[in-house]
Amino acid sequence: MDTNQFTNLLRRHSGLIYKVAHAYCQNAADRDDVVQEIALQLWRCRDRYDARFKETTWIYRIAINVAISFHRRHRRHLKGRVSVEGSAITIAAPAAEPGGDVERLMQCIHELSELDKAFVLLLLDGQSHDSIAEVLGISVSNVGTKLLRIKNKLRVAFDQRAYSNQTEPPHANR
């Protein structure tokens, strides 16, 4: 892949790259760093791209690995920060401010582990279980199991947040 092909690849998939950066970094400067690091890693790995696979699979795999590594390196610095920005879901509708339930869900997603965030990001991006399995290097049945567990975890966290914001307890089991 030459420089022009690589530049075109980055242009075609810039939304995907920014989406991953937003999912793992609440701070704009950190997001910019992650986007640059993703581009650098894609450049370094460009000759190893196997055209038998979709470009998005290759990009997601690299982008998520870079973002998780960055997040882990900066975790202790992030603990003391207070976020004044939204999270990954706001990219889908940047003009609208999320309301009650959406904001609660975004907070719940933000509290997931790095790998669980990757599952949610890929699912919300409309990726199939096959695609998610390929990106994350796991079996399709494992994807289904993990997504079910993540959904249950999000449901419990969401209900707990809703309950803490009301005077009445949330409805029993959903």
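Residues numbered from 1 in each chain as written. Predicted model: local features only at pLDDT ≥ 70, side-chain atom pairs only at ≥ 80, totals over all residues. Heavy atoms only, no water.

## Concerning the packing of aromatic side chains
The description of two aromatic rings rests on the distance between their centres and on the angle between their planes.
Item 1. Tallying each qualifying case throughout the model produces two aromatic pairs.
Item 2. Taking the centre distance of 5.0 Å and the plane angle of 75° together, the rings of Phe6 and Trp43 count as edge-to-face. Within this pair, whereas Phe6 is found in helix α1 (residues 3–12), its partner Trp43 is found in helix α3 (residues 28–45), the two being separated by 37 residues in sequence.
Item 3. Given a relative accessible area of 30%, Trp43 falls into the partly exposed group.
Item 4. Positioned over the ring face of Trp43 is Arg46, at 3.5 Å from the centre of the ring. (Phe/Tyr/Trp six-rings, centres within 6.5 Å; stacked < 30°, edge-to-face > 60°. Helix = DSSP H or I, 4+ residues; strand = E, 2+ residues; numbered from the N terminus. Buried < 20%, exposed > 50% of the residue type's maximum accessible area, 1.4 Å probe, protein only. Lys NZ or Arg CZ within 6 Å of the ring centre and 35° of its normal.)

## Some words on the packing of helix α2 (residues 14–24) against helix α4 (residues 55–73)
Item 1. For the pair α2 and α4, interaxial distance at closest approach is 9 Å and the crossing angle is 25°. Classified by the angle between their axes, α2 and α4 sit roughly parallel to one another. In this structure, α2 meets α4 at a crossing whose hand is right-handed. Facing α2, whose interface residues are Leu16, Ile17, Val20 and Tyr24, α4 presents Thr56, Ile59, Tyr60, Ala63, Ile64, Ala67, Ile68 and His71.
Item 2. Residue classes in the contact of α2 with α4 are distributed as ten nonpolar, two polar and no charged. (Axes fitted to C-alpha atoms, helices over the stretch in contact; angles between N-to-C directions. Parallel < 35°, antiparallel > 145°, perpendicular 65-115°, else oblique. Left-handed = near helix turned anticlockwise from the far one by under 90°. Contact = heavy atoms within 4.5 Å. Nonpolar A, V, L, I, M, F, W, Y, C, P; charged D, E, K, R; others polar.)

## Examining the pattern of salt bridges
Item 1. Tallying each qualifying case throughout the model produces six salt bridges.
Item 2. Among the salt bridges present, the one from Arg52 reaches Asp50, with a minimum N-O distance of 2.5 Å.
Item 3. Taking the relative accessible area as the measure of exposure, Arg52 reaches 70% and is therefore exposed.
Item 4. Residue Asp50 is classed as partly exposed on the basis of its relative accessible area of 25%.
Item 5. Close ionic contact of Asp116 with Lys153 constitutes a salt bridge, the shortest N to O distance being 2.9 Å. Taken together, the positions of Asp116 in helix α7 (residues 114–124) and Lys153 in helix α9 (residues 140–164) put the pair 37 residues apart, joining distant regions of the chain.
Item 6. Overall, Lys153 belongs to the partly exposed group, its relative accessible area being 44%.
Item 7. Salt bridges sharing partners connect three or more residues here, namely Asp116, Lys146 and Lys153. (Salt bridge = Lys/Arg side-chain N within 4 Å of Asp/Glu carboxyl O.)

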